[in-house]
Amino acid sequence: MSSLLSDKLTIVYVRLVFLRIGEIDTLTEKYQAHASIESRWSVSSEKFLSDISTINQERLMNGKSIVLEKYGESHWHPQLYIENALGDLKEQIKYSAKINSKDKKIYVCEHRIIKGLFWEKLELQHFPNDVQDLSISVTSMFFHNRVLLVPDPDHHSGVNREAFVDQQEWSLYEHIDTEERFIKEFLFRTDYGDEDDDDDDEMKNFDKEDRKRSVLTTTCHVARQSQYFFWNGFCLILLITLVSFCAFGLPLQYVVNRLQVSCTLLLTSISFRWTVNRSLPTISYLTSLDKYGILCIFNLVLHSTWHSMISVIIFEQTTDFRVAKNSWIVYLDRGAFGVFFCSFLVLHILMILWLYCVPLKHRKQMRQKDSQYRTLIVQKMNGNENQSFAITERRNVFDHNFTVM
């Protein structure tokens, strides 16, 4: 049975180019994109040449590509679809054929232009310093024993950075990642006549546990422009918390006013936190902005607790609620202020160290991948030029059909 399955296996080489990336919606975890998908697979030369005209045969033998009209209606194709698409996609599908210069086989290429909304799970632990993956997952209606999707080794996937709409809010990286994976069985019912009967007979003998579908995920990366959230998020929370330290400047006989100031700032900080969270989806974990805001709220709670405690001490130790300048209560209050302020300062030092060691380090790694990607593209183009140079006996030839985006 394994030999029968391997005979039917078709390897499909896929290349995806992000032509345009539109708005990225953090709240609903979706984005708009316009992409081109080129998938090619080898076909039998004898059977294919018998189905095309003599003119197309001559063009094919001369190394030129030919357009195949209505090829998908009467011939086998991998029946690709987009796994993470939302709603109906706008699609344009065309077919062409060309002889590969390396292995001299005829390859049929499906050119698919898609436009629409795509779902993407956003990882917001480092918000607003997060780096997000924007991916398109291509899979087939056939099981992995019939169709295997792999990245095209001759043409790299890419992204058009010039047509990025959300440049005010995001920075788009240059490199592209591809991932091959498999998803477990689920059946499609299509009207392809006898071909479905063959699939049903095959599935009776094919182990149910081995029923998987090949998926190829192409991913580009974007980094959020975090300046807005630093000034309107972190900075405002910091200022609200710093004002709470000003309450220690009130004389101890006005400790009730201290408590009023701390409680007012506490309520203000909680309201501000809810306002910031409206721009984020409901998630089960805390972002870095959430953690900072909650720590500052705890700082205000501690201030309020201390002012309540010192109020009780003054009430117990004095008769008229007045405290002398050199009283031990004054020194105790100053010591509490020093402990709170030093703890607040240490907290921000740790936050800054974490910021540089985790989120910003990840962005540095993304820039390094961009540099490696550019180096790889240059090496590939130089390799093609050297190959053409050797074949044409030291004549400089540039292949205009080879493009990298």
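Residues numbered from 1 in each chain as written. Predicted model: local features only at pLDDT ≥ 70, side-chain atom pairs only at ≥ 80, totals over all residues. Heavy atoms only, no water.

Novice: Help me understand the confidence of the model for the protein in this model?
Specialist: Low pLDDT marks stretches whose predicted atomic positions should not be read closely. Per-chain confidence: the protein averages 85 in pLDDT, with 86% of residues scoring 70 or above. At the low end of the mean pLDDT range in the protein sits helix H1 (residues 2-8), at 44; at the high end sits strand E7 (residues 131-140), at 96. pLDDT under 50 marks residues 1-6. Its contacts with residues more than four places away, or in other chains, come to five contacts. The low-confidence segment residues 385-405 (pLDDT under 50) makes 25 contacts with residues lying over four places distant or belonging to another chain. (pLDDT = per-residue confidence, 0-100. Helix = DSSP H or I, 4+ residues; strand = E, 2+ residues; numbered from the N terminus. Contact = heavy atoms within 4.5 Å.)

Novice: What am I meant to see in the nonpolar core here?
Specialist: Nonpolar side chains tend toward joint burial in soluble globular proteins. Within the largest apolar cluster, 40 residues are counted, with the highest numbers of intra-cluster contacts made by Phe18, Ile21, Tyr31, Phe48, Leu68 and Ile136. In terms of residues, this core owes the most to one element, strand E1 (residues 10-25), which gives six residues. If near-sequence neighbours (up to four positions away) are discounted, Tyr31 is found in contact with Phe18, Ile21, Glu23, Ile24, Gly116, Leu117, Phe118, Glu120, Leu134, Ser135 and Ile136. Within the second largest apolar cluster, 25 residues are counted, among which are Phe245, Leu280, Val330 and Phe340. (Core = buried A, V, L, I, M, F, W, Y, C linked by side-chain atoms within 4.5 Å. Buried < 20%, exposed > 50% of the residue type's maximum accessible area, 1.4 Å probe, protein only.)

Novice: Got a minute to help me understand the pairing of E1 in this structure?
Specialist: Remember that side chains alternate between the two faces of the sheet whenever the strand is regular. In this structure, E1 lies alongside strand E8 (residues 147-151), joined through five bridges in parallel fashion. Looking at the pairing, Tyr13 lines up with Val150 of E8. Of the strand pairs in this sheet, E1 and strand E2 (residues 30-43) are connected by ten bridges, and their pairing is antiparallel. Considered in E2, the bridge of Val14 is made with Ser39. Two successive antiparallel strands, E1 and E2, enclose a turn made up of four residues, where Glu29 displays a positive phi of approximately 55°. (Pairing = 2+ DSSP bridges.)

Novice: Which parts of the structure should I look at to understand the side chain of Ser135?
Specialist: Tracing the chain through its elements places Ser135 in strand E7. The buried category is assigned to Ser135, whose relative accessible area is 7%. Here the side chain of Ser135 touches Glu120 through a polar contact of 2.5 Å, side chain to side chain. Discounting residues that sit within four places of it in the chain, Ser135 has contacts with Tyr31, Asn84, Glu120, Thr217, Thr218 and Thr219. (Polar contact = N/O pair within 3.5 Å; in protein donor to acceptor, adjacent residues only side chain to side chain.)

Novice: Help me understand empty space enclosed by the protein, please; the structure alone is not making it clear to me.
Specialist: Where empty space is left can be seen by rolling a probe of water-molecule size over the atoms. A complete count under the given rule lists one cavity of 30 Å³ or more for this structure. What the largest cavity holds in volume is close to 40 Å³. Lining the largest cavity, in full, are Ile237, Arg273, Val276, Asn277, Leu289, Asp290 and Gly293. When residues of the lining of the largest cavity are traced back to their parent elements, those giving at least two are helix H7 (255-277) and helix H8 (288-317). (1 Å grid on protein atoms, 1.4 Å probe; cavity = no way out; pocket = protein on both sides within 12 Å on 5 of 7 lines; lining within 4 Å. Points joined across faces, edges and corners; volume = space filled by probe spheres on them.)

Novice: Explanation requested: the environment of Lys90 in the structure shown.
Specialist: Mapping Lys90 onto the fold places it in strand E5 (residues 85-99). Beyond its immediate sequence surroundings of up to four residues, Lys90 is in contact with Ile113, Ile114 and Lys115.

Novice: Honestly, the packing of aromatic side chains in this entry has me stumped. Any pointers?
Specialist: We describe a pair of aromatic rings using the distance from one ring centre to the other and the angle between the two ring planes. Enumeration according to the criterion identifies 15 aromatic pairs in this entry. Here the aromatic rings of Phe245 and Phe341 are separated by 5.5 Å at their centres, their planes lie at 85°, and the arrangement is edge-to-face. Of this pair, Phe245 sits in helix H6 (residues 227-246) while Phe341 sits in helix H9 (residues 328-357); the two residues are 96 residues apart in sequence, bridging distant segments of the chain. What makes Phe245 buried here is its relative accessible area of 7%. Judged by its relative accessible area of 36%, Phe341 falls in the partly exposed class. Chaining the aromatic ring pairs together yields one cluster made of Phe245, Phe248, Phe337, Phe340, Phe341 and Phe344. Over the aromatic face of Tyr107 sits the side chain of Arg40, whose NZ or CZ is 4.8 Å from the ring centroid. Above the plane of the ring of Phe143 lies Arg213, whose end atom (NZ or CZ) is 4.2 Å from the centre. (Phe/Tyr/Trp six-rings, centres within 6.5 Å; stacked < 30°, edge-to-face > 60°. Lys NZ or Arg CZ within 6 Å of the ring centre and 35° of its normal.)

Novice: Would you take a moment to explain unusual backbone geometry for this structure?
Specialist: Here the residue pair Phe127 and Pro128 is connected by a cis peptide bond, since its omega of 10° sits within 30 degrees of zero. In this structure, Lys70 takes a positive phi of about 50° despite not being glycine. When you line up the elements, Lys70 lands in the loop between strand E3 (66-68) and helix H4 (71-74).

Novice: Would you explain the pairing of E5 in this entry?
Specialist: Here three bridges tie E3 to E5, and the two strands are oriented antiparallel to one another. By the bridge assignment for E5, Leu68 is matched with Tyr95. For E5 and strand E6 (residues 106-119), the ladder comprises twelve bridges, and the chain directions are antiparallel. Pairing of Ile93 across the sheet is with Arg112, part of E6.

Novice: Where do I start with the environment of Asp130 in this structure?
Specialist: One can find Asp130 in the loop between E6 and E7. Sequence spacing of Asp130 and Ser288 is 158 residues, and the spatial spacing of their C-alpha atoms is 9.5 Å. With near-sequence residues (within four places) excluded, Asp130 lies in contact with Glu123, Leu124, Trp170, Val222, Ala223, Arg224 and Arg363. At a separation of 2.7 Å, a polar atom in the side chain of Asp130 contacts the side chain of Gln132.

Novice: Hey, could you run me through the side chain of Ser226 in this one?
Specialist: For Ser226, the location among the structural elements is in the loop between strand E12 (212-224) and H6. Sequence-distant contacts of Ser226, that is, excluding residues within four places in its chain, are made with Pro128 and Asn129.

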